[in-house]
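# Secondary and tertiary structure notes
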Amino acid sequence: MKTVIPLKKYFPEEFLYKDIGTRAMVMHILNSHLSAMTEKPDEVEVDFEEINFISHSAAHEFVKQKQQLADEGISLSFVHMNQEVSFMIDLINRKDLKKPLIHIHRAASSESFE
């Protein structure tokens, strides 16, 4: 069974900017939605429609929850992300954080800085 979590429903309609800024907010949204279900889903889709921004810590919590739910046999996916939200999720989701986002080419110098 699939369930969809429309994040915009957790904000009053008159809010111009819908931002997810804390781990606690992510936990509240996921827990309140999943605990209200009578049957355990095998797939959860988080709908980011109308979400303007997600903080680094909130993105990390979503990725962490995705891994934990996968251990329980539940697939967690993200849809309708704007460019900023998608970038933050992708940044956190990277496996090798030692790789720079952009490559800076530095020309070899003949000078020594000792």
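Note that the structure is predicted; figures quoted are calculated from it, not measured.

Leu7, Ile20, Val46, Phe48, Ile54 and Phe62 are the most contacted members of the largest nonpolar core, which has 25 residues in total. Mapped by element, the contributors of at least two residues to this core are helix H1 (23-35), strand S3 (43-47), helix H2 (56-71), strand S5 (75-79) and helix H3 (83-93). When residues no more than four places from it in sequence are discounted, the contact partners of leucine 7 are Ile20, Ile29, Val46, Asp47, Phe48, Ile51 and Phe62.

What follows is about the sheet that holds strand S1 (residues 2-6). Whether parallel or antiparallel, the strands of a sheet pair through hydrogen bonds between backbone atoms. Read from one edge to the other, the open sheet built from three strands follows the order S1-S3-S5, with strand pairing classed as parallel. Strands with a single pairing partner mark the edges of an open sheet, and in this sheet they are S1 and S5. Taken pair by pair, the neighbouring strands of this sheet meet at an average axis angle of 20 degrees, ignoring direction. Two strands pair when backbone bridges link them, and S1 and S3 are joined in this way by five bridges, in the parallel orientation. Bridge assignment links lysine 2 to a residue of S3, and that residue is glutamate 43.

The next thing to look at is the pattern of salt bridges. Taken as a whole and assessed by the stated rule, the structure comprises six salt bridges. Ionic pairing is found between glutamate 50 and lysine 18, a salt bridge with its closest N-O pair at 3.4 Å. In this pair, glutamate 50 is assigned in the loop between S3 and strand S4 (53-54) and lysine 18 in the loop between S1 and strand S2 (19-20), connecting sequence segments 32 residues apart. In this structure, the salt-bridge partner of glutamate 61 is arginine 23, at a minimum N-O distance of 3.2 Å. Here arginine 23 lies in helix H1 and glutamate 61 lies in helix H2, a separation of 38 residues in the sequence. Classification of glutamate 61 as buried rests on a relative accessible area of 3%. Of the residues examined, arginine 23 reaches a relative accessible area of 33% and is grouped as partly exposed.

The next thing to look at is the environment of asparagine 82. Tracing the backbone shows asparagine 82 in the loop between S5 and H3. Linking asparagine 82 and glutamate 49, residues 33 residues apart in sequence, is a C-alpha distance of 7.9 Å. Sequence-distant contacts of asparagine 82, defined by excluding residues within four places in its chain, comprise Ile51 and Asn52. Within the local environment of asparagine 82, its side chain forms a polar contact with the backbone oxygen of asparagine 52, the two atoms lying 3.2 Å apart. At 2.8 Å, the side chain of asparagine 82 forms a polar contact with the backbone nitrogen of valine 85.

Rules used throughout
Residues numbered from 1 in each chain as written. Predicted model: local features only at pLDDT ≥ 70, side-chain atom pairs only at ≥ 80, totals over all residues. Heavy atoms only, no water. Core = buried A, V, L, I, M, F, W, Y, C linked by side-chain atoms within 4.5 Å. Buried < 20%, exposed > 50% of the residue type's maximum accessible area, 1.4 Å probe, protein only. Helix = DSSP H or I, 4+ residues; strand = E, 2+ residues; numbered from the N terminus. Contact = heavy atoms within 4.5 Å. Pairing = 2+ DSSP bridges. Axes fitted to C-alpha atoms, helices over the stretch in contact; angles between N-to-C directions. Salt bridge = Lys/Arg side-chain N within 4 Å of Asp/Glu carboxyl O. Polar contact = N/O pair within 3.5 Å; in protein donor to acceptor, adjacent residues only side chain to side chain.

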